[in-house]
Structures are given as structure tokens and as C-alpha cells.
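Residue-level structure breakdown
So the chains spell out like this:
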Amino acid sequence: MLRYGRDTLPQGELSQANLLHKSSETMLNVHTEQEKSVYLRGFTGGKYENGTWKPLPDAAYGGENIGMLDWLQTQGFDPFTQSAAYYRLTDDAPEANTVEVSVQNASRDAVYAPASMEKITDGAVHERRDALLKGRGLFGTRNYTVTEVSGTRPSELMVAESWVSSPQTEEQTAYAEAESVYRSFVYDAYTAADEKLLPVLNRLFGQDYDDEKDGVYSALSRIREVLKAQVRYSETAEAAPDNADPIAYFLTDSRKGNAVRFMPRRPCRRCGRTAFPHVMRKATICRLSKRRAARTEQLR
């Protein structure tokens, strides 16, 4: 809607990937207190179909999953703040970080917040299921402050604290039970690959992969290895022919593209036997690589 400003992102349509760099205007001003990378997400999609990422259908939340999100709330478990909640239940948790976001020329419909967020202040926000944070108000949300809790270690190298499998407190028990339920839903709903793409994905990523050493680290290493050898980054993304799937065309024909093409479907954060399915699922992510603390960056 126009009252939220111009939408300058593809919103899951891979054929519109070039929108990402169409404008040279400043989209967001982001100020973070700590010196580390901060990843912001806006639109999220859970189902890939006909070259487009879409939100999960209503049916995914029906059947045996009816009332699941409400139950999670009663357990004090929120998919949007799951990572921060885990750290708060862990000894020697990372220090909280404050991120200030000012929306300049991006759409104000979505709220751009990191998957590691703990809470949002100075901005009216509501959750759309487990997929999207939206700004309240007639014109969306322009300025807000996010408190986030995250470490600097890559998530695939993290190891779960012992309390995850053997909770010691009521709060840890409630978290572990809720996380198990939500993780099961995420793995069922968000990890099913498009059947038309499976032959290409299996050939590129599955061939010569050692299943006996399967794990988050080995899987991500394999993905990076293949992408490094197979494709290259370019701010412009060549459109796929009408009869070709955009992902398959990117991986096997054009072999170049921008961040819309490179974004993984679901970079799930795992800690040993447990997972953080706070699900960035084909998210719109802006990476803020800081060179010094307490510096304001303009994201274009």
C-alpha cells in the first residue's frame, strides 16, 4: 500500500531480483552499539512455488497444529525472540545490544529486526503468526529500537548447553518443551523442497556428500563450497526464461545473481541436538558489517 511507502524489495518474487539495487537511495539508517554483524529481516516466505516464495498457507497451521502458536505463548515461548530467550536461560549469556532503526525509503509495512531480537521499543509492532513483524499505525512504523542478544561465533559452531537436554529449572523445562514442539513444526513445514528442483539440488549438493558426517556445520560447508565453485555474486540478476525455474537457472545456466538469489531458504540456527527455528526463510536481510562500535550506517 502506498501509505507504507514504496516497496523496493522483491517480496519473494525471484523474477524481480533486480529491484534490490534499482534505487541508490538510503533505505535504512541503522545504529548498533556493539561491533558485530547484525542481520535484519523483513518479508519471510515458507513455501516456494512457481519461482516465488510465499508465506505458509493457512492449512499449515491447521490439523494437529491448530492452537500451537497460542500454546507456545502460554509457555512464554515466542518464535521471534527464541534465540534471546535461550541465551537468557544460559550462564554467561552475551551482553544485550541495542539497535536503532530509522526507515528512510524502504517500505514501512514490515518491521526490520534481527532474528536475535529480545524486544522492540519505541515502535508499535504486531506479529503475523511466526513469519512477519508488521508496524502498527496508519503509515506503518518509521523509527524503532530493538534489543537483541547474540554472540559473535558462527551459529553452526555453537554447541547446546547441557540444560537443553537436562533442564534444571522450571523456566528451562518450559523452554525445552516448547522448543521441541515448534522445532517439529518447522522441520515439517519449512524444510520440504520443491519436487521440481530436487534433481538439480541433489546433483549439485548431494553428490559426493558424506552422509555419515552429516550435521549443520558439514552441510553449510558443503553449500558454501558448491556455491563458491558454481556461481558468483552480481548486483544484477539475469531473468530466467519463461519456462525455467529461477533457482535452477541461477545454479546451472546464468550462474550469477544478487543477494535475492543467494539467500538460503531457512538458515536455521542449531546448537547440537536442539535448533533455533526462528526461521529467516528466504528473508529480506540487510547485513550491517560494523567497522567500529556505535557508528551509524546507511543501508542502500
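The structure displayed is predicted, hence computed values, not measured ones. (Residues numbered from 1 in each chain as written. Predicted model: local features only at pLDDT ≥ 70, side-chain atom pairs only at ≥ 80, totals over all residues. Heavy atoms only, no water.)

1. Brief notes about the overall build of the protein chain
- Helices and strands together make up the secondary structure of the protein chain, namely 7 helices and 15 strands.
- Counting over 300 residues, the protein chain shows a buried share of 45%.
- In the protein chain, of all internal contacts separated by at least 6 residues, the share reaching a separation of at least 24 is 76%.
- When the accessible surface of the protein chain is summed, it comes to about 15900 Å², and 47% of that surface belongs to carbon and sulfur atoms. (Helix = DSSP H or I, 4+ residues; strand = E, 2+ residues; numbered from the N terminus. Buried < 20%, exposed > 50% of the residue type's maximum accessible area, 1.4 Å probe, protein only. Contact = heavy atoms within 4.5 Å. Areas by Shrake-Rupley, 256 points an atom, 1.4 Å probe, with all protein chains shown as cover.)

2. A few points about a negative patch on the surface
- On the surface, a cluster of negative charge is made up of Glu33, Glu95, Glu100 and Asp122.
- Structurally, glutamate 100 is set in strand E5 (residues 97-103).
- Since its relative accessible area comes to 41%, glutamate 100 is described here as partly exposed. (Patch = residues over 30% accessible without salt bridge, like charges linked within 9 Å, V, L, I, M, F, W, Y side chains within 5 Å. Salt bridge = Lys/Arg side-chain N within 4 Å of Asp/Glu carboxyl O. Lys, Arg positive; Asp, Glu negative; His and termini not counted. Charge placed at Lys NZ, Arg CZ, Asp CG, Glu CD.)

3. Things to note about helix H4 (residues 198-206)
- By the burial criterion, the buried members of H4 are Val200, Leu204 and Phe205. Looking straight down H4, one finds that the buried residues subtend no more than 95 degrees of arc, so they occupy a single side.
- If you follow the buried residues of H4, they end up packed against helix H5 (216-230) and helix H6 (246-254). (Arc of directions from axis to C-beta.)

4. Some remarks on the packing of H4 against H6
- Relative orientation of the contacting elements H4 and H6 amounts to 45 degrees, with a least axis distance of 10 Å. Overall, the two elements H4 and H6 adopt an arrangement that is oblique. Note that H4 runs across H6; the crossing there is left-handed. For the pair H4 and H6, contact is made by Val200, Leu201, Arg203, Leu204 and Phe205 and by Ala248, Leu251 and Thr252, respectively. (Axes fitted to C-alpha atoms, helices over the stretch in contact; angles between N-to-C directions. Parallel < 35°, antiparallel > 145°, perpendicular 65-115°, else oblique. Left-handed = near helix turned anticlockwise from the far one by under 90°.)

5. Observations concerning the packing of aromatic side chains
- In this structure the tally under the stated criterion is 10 aromatic pairs.
- Ring geometry for phenylalanine 77 versus tyrosine 175: centroids 5.5 Å apart, planes at 55 degrees, classification tilted. With phenylalanine 77 in the loop between helix H1 (68-74) and helix H2 (82-88) and tyrosine 175 in helix H3 (residues 170-190), this residue pair connects regions lying 98 residues apart in the sequence. The two residues phenylalanine 77 and tyrosine 175 agree in class, both being buried.
- Counting every residue linked through ring pairs, the aromatic cluster contains Tyr61, Phe77, Tyr86, Tyr87, Trp163, Tyr175, Tyr182, Phe185 and Tyr190. (Phe/Tyr/Trp six-rings, centres within 6.5 Å; stacked < 30°, edge-to-face > 60°.)

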